[in-house]
Amino acid sequence: MKRTLTVIGIGTGNPEYVTVQAVKALNRVSVFFIPNKGDDKADLHHLRREICDRYIEGDNYRLVDFDIPERSKAGKYTSDVSAWRAEVRAIYERLLAEEIGEDEVGGFLVWGDPSLYDGTMGILDSINATGRFDLDYDVIPGISSVSALAARHKVALNRIGQPLTITTGRLVSQGLPPDAGNVVVMLDSRDAFRNVDDDLGIHWGAYIGTEDEILVAGKLGDVREEIERVRSAARKEKGWVMDTYLLSPGADEDAS
Ligand SMILES: C[S@@+](CC[C@H](N)C(=O)[O-])C[C@H]1O[C@@H](n2cnc3c(N)ncnc32)[C@H](O)[C@@H]1O
């Protein structure tokens, strides 16, 4: 089955993060596949719909909602992730078989940028590999939470000539990697910044780009408790939190 698709990065929260290229791509799509990740993420679901309403001329398109299953956390991380991806792949296969025709264009609206901690391209590639579908897709880059964090704090991500590491809270909770340079931490459900050195600088942001955005910056030893407090209050109030932060060793310097 031949299918034409576009994977569109929509930025992380502010509808104005949607690029001109993304707007053009939105206007080529006939069917949008909109993931539902449970009640607590309803805000993100609404934002995807708002982007369609705001940027698409006319109403010659349809939205197909689908539920994303919860990932099991019972087994080993890598096997839980691959089992979850297989489930999501089966859902995509059904959508591609039943909800879109050969002469239409399907669209996936990806939070932030599709290249960063997002499985959409990997799932489409694995569907292509089955041979059951002949998928032709393009990818429109989006403003990632990492770019948005740096812009909102007005800070460069790397030190002069130094590396930048982007990693997860799960890995940071096992210790910072050696020679990592500055470190951006994402997907941190366990407050990994609790166990890193007090002398590191931190630029922290939650719900970046949205009306609920919270930013805190300083020496970790000075602001750790504040971040813990605002993070847990925000999670209690909204039911979910998405945060990203930059950890930097040493004093501030220009970066390039
Ligand atoms: C599954 S990853 C998706 C990343 C996304 N593709 C990107 O380009 O930013 C989800 C993680 O992105 C980060 N994130 C996404 N949106 C965010 C936002 N508005 N504010 C802060 N962090 C965000 C958080 O670290 C969250 O745990």
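Up top is the structure these notes are about.
Keep in mind it's a predicted model, so treat the numbers as computed, not measured. (Residues numbered from 1 in each chain as written. Predicted model: local features only at pLDDT ≥ 70, side-chain atom pairs only at ≥ 80, totals over all residues. Heavy atoms only, no water.)

1. Concerning helix H7 (residues 220–238)
Definition in use: Strands here mean DSSP runs of E at least two residues long; helices mean DSSP runs of H or I at least four residues long; both are numbered from the N terminus. The length a helix should cover is 1.5 Å for every residue beyond the first. Contacts between residues were defined by any pair of non-hydrogen atoms, one from each residue, lying within 4.5 Å.
Taking 1.5 Å as the rise per residue, H7 with 19 residues should run 27 Å; its terminal C-alpha atoms sit 25 Å apart, in good agreement. Tucked into the core, H7 has its buried residues touching strand E8 (201–206), strand E9 (214–219) and strand E10 (243–248). Phi turns positive one or two residues past the end of H7, at Gly-239, with a value near 95°.

2. Quick look at the pattern of salt bridges
This is how the line gets drawn: What makes a salt bridge here is a side-chain nitrogen of Lys or Arg within 4 Å of a carboxyl oxygen of Asp or Glu, nothing more. We call a residue buried when its accessible area falls under 20% of the maximum for its residue type, exposed when it is over 50%, and partly exposed in between, using a 1.4 Å probe and counting protein chains only.
All chains considered together, the criterion is met by 15 salt bridges. Arg-28 is paired through a salt bridge with Asp-138; the nearest N and O atoms lie 3.9 Å apart. Linking Arg-28 in the loop between helix H1 (20–26) and strand E2 (31–36) with Asp-138 in strand E5 (residues 134–140), this pair joins segments that are 110 residues apart in sequence. Since its relative accessible area comes to 48%, Arg-28 is described here as partly exposed. In this structure, Glu-98 and Arg-94 form a salt bridge, with 3.5 Å as the shortest nitrogen-oxygen distance. Within this pair, Glu-98 and its partner Arg-94 are both found in helix H3 (residues 77–98), separated by four residues, close to a single helical turn. Among the residues examined, Glu-98 registers a relative accessible area of 55% and is labelled exposed. A single network of salt bridges, built from pairs that share partners, joins Asp-191, Arg-194, Glu-228, Arg-231 and Asp-243.

3. What to know about the nonpolar core
Side chains of nonpolar character tend, in soluble globular proteins, to be buried together. This is how the line gets drawn: Note on terminology: a nonpolar core comprises buried Ala, Val, Leu, Ile, Met, Phe, Trp, Tyr and Cys residues joined through side-chain atoms within 4.5 Å. The split of the chain into domains comes from an automatic or database domain assignment.
Ranked by size, the top nonpolar core spans 40 residues in total, and within it Ile-8, Leu-26, Phe-32, Leu-109, Ile-202, Tyr-245 and Leu-247 carry the most contacts. Elements with a contribution of two residues or more to this core: H1, E2, helix H2 (42–55), strand E7 (182–186), E8, H7 and E10. The element that contributes the greatest number of residues to this core is H2, accounting for five residues. Split by domain, the residues of this core number at least three in each of domain 1 (2–140) and domain 2 (145–248). Not counting residues within four places of it along the chain, the set of residues in contact with Leu-26 comprises Ile-8, Val-18, Phe-32, Ile-51, Tyr-55, Ile-56 and Leu-109.

4. Quick word on a nonpolar patch on the surface
To keep it simple, the criterion reads: Surface patches are defined over residues having more than 30% relative accessible area and no salt bridge, joining like charges when they lie within 9 Å and nonpolar side chains (Val, Leu, Ile, Met, Phe, Trp, Tyr) when within 5 Å. Where accessible areas are quoted, they stem from the Shrake-Rupley method and a 1.4 Å probe; at the residue level, only the protein chains shown are allowed to cover.
There is a patch of nonpolar side chains on the surface, built from Tyr-117, Leu-164, Ile-166 and Leu-187 and spanning about 350 Å² of accessible area. You can see Leu-164 is positioned in strand E6 (residues 164–168). Taking relative accessible area as the criterion, Leu-164 reaches 32% and is therefore assigned partly exposed.

5. Thoughts on the pairing of E8
It is a general feature of regular strands that their side chains alternate between the two faces of the sheet. Note the cut-off: Any two strands between which DSSP finds at least two bridges are classified as paired.
Counted residue by residue, E8 has six buried out of six residues, so it is predominantly covered. Where E8 lies against E10, six bridges are found, and the strand directions are antiparallel. Pairing of Ala-206 across the sheet is with Asp-243, part of E10.

6. Considerations on the site of the ligand
Inclusion rule: The criterion for a residue being near a molecule or strand is simple. One of its heavy atoms has to lie within 4 Å of it. Whenever two N or O atoms come within 3.5 Å, that pair is a polar contact, provided that in protein one can donate a hydrogen and the other can accept it, and provided that, for residues adjacent in sequence, both atoms are side-chain atoms. Residue type decides the class: Asp, Glu, Lys and Arg count as charged, Ala, Val, Leu, Ile, Met, Phe, Trp, Tyr, Cys and Pro as nonpolar, and the leftover types, Gly among them, as polar.
The environment of the ligand is made up of 16 residues, and the closest members are Trp-111, Asp-113, Ser-145, Asp-243 and Thr-244. With respect to the ligand, the backbone of Asp-113 contributes an N or O atom lying 2.8 Å from an oxygen atom. Considering the ligand on its own, with 570 Å² of exposed area, one finds that the protein chains cover 90% of that surface. Among the residues making up the shell around the ligand, the classes are represented as eight nonpolar, six polar and two charged. Counting residues domain by domain, the shell around the ligand receives three or more from each of domain 1 (2–140) and domain 2 (145–248).

7. Looking at the packing of aromatic side chains
Quick reminder of the rule: In this scheme Phe, Tyr and Trp rings, the latter by its six-membered ring, pair at centre separations within 6.5 Å, and the angle between planes marks the pair as stacked below 30 degrees, edge-to-face above 60, and tilted otherwise. Counted as over-ring charges are cases with an Arg CZ or a Lys NZ within 6 Å of the ring centre that also lie within 35 degrees of the ring normal.
Enumeration over the complete set of coordinates arrives at six aromatic pairs. Between Phe-32 and Tyr-61 the ring centres are 5.7 Å apart and the planes differ by 90°, which places this aromatic pair in the edge-to-face class. One end of the pair, Phe-32, is in strand E2; the other, Tyr-61, is in the loop between H2 and strand E3 (62–67), and 29 residues separate them in sequence. You can call Phe-32 buried: its relative accessible area is 0%. According to the relative accessible area criterion, Tyr-61 is buried, its value standing at 18%. Each ring, one from Phe-66 and one from Tyr-92, has its centre 5.8 Å from the other, and the planes form 90°; the classification is edge-to-face. Of this pair, Phe-66 sits in strand E3 while Tyr-92 sits in helix H3, and the two are 26 residues apart along the sequence. Of the two residues, Phe-66 and Tyr-92, both sit in the buried class. By the ring-pair criterion, three or more aromatic residues cluster together here, those being Phe-33, Phe-66, Tyr-92 and Phe-108. Seen from the ring of Tyr-207, Lys-238 lies directly overhead, with NZ or CZ sitting 5.3 Å from the centre.

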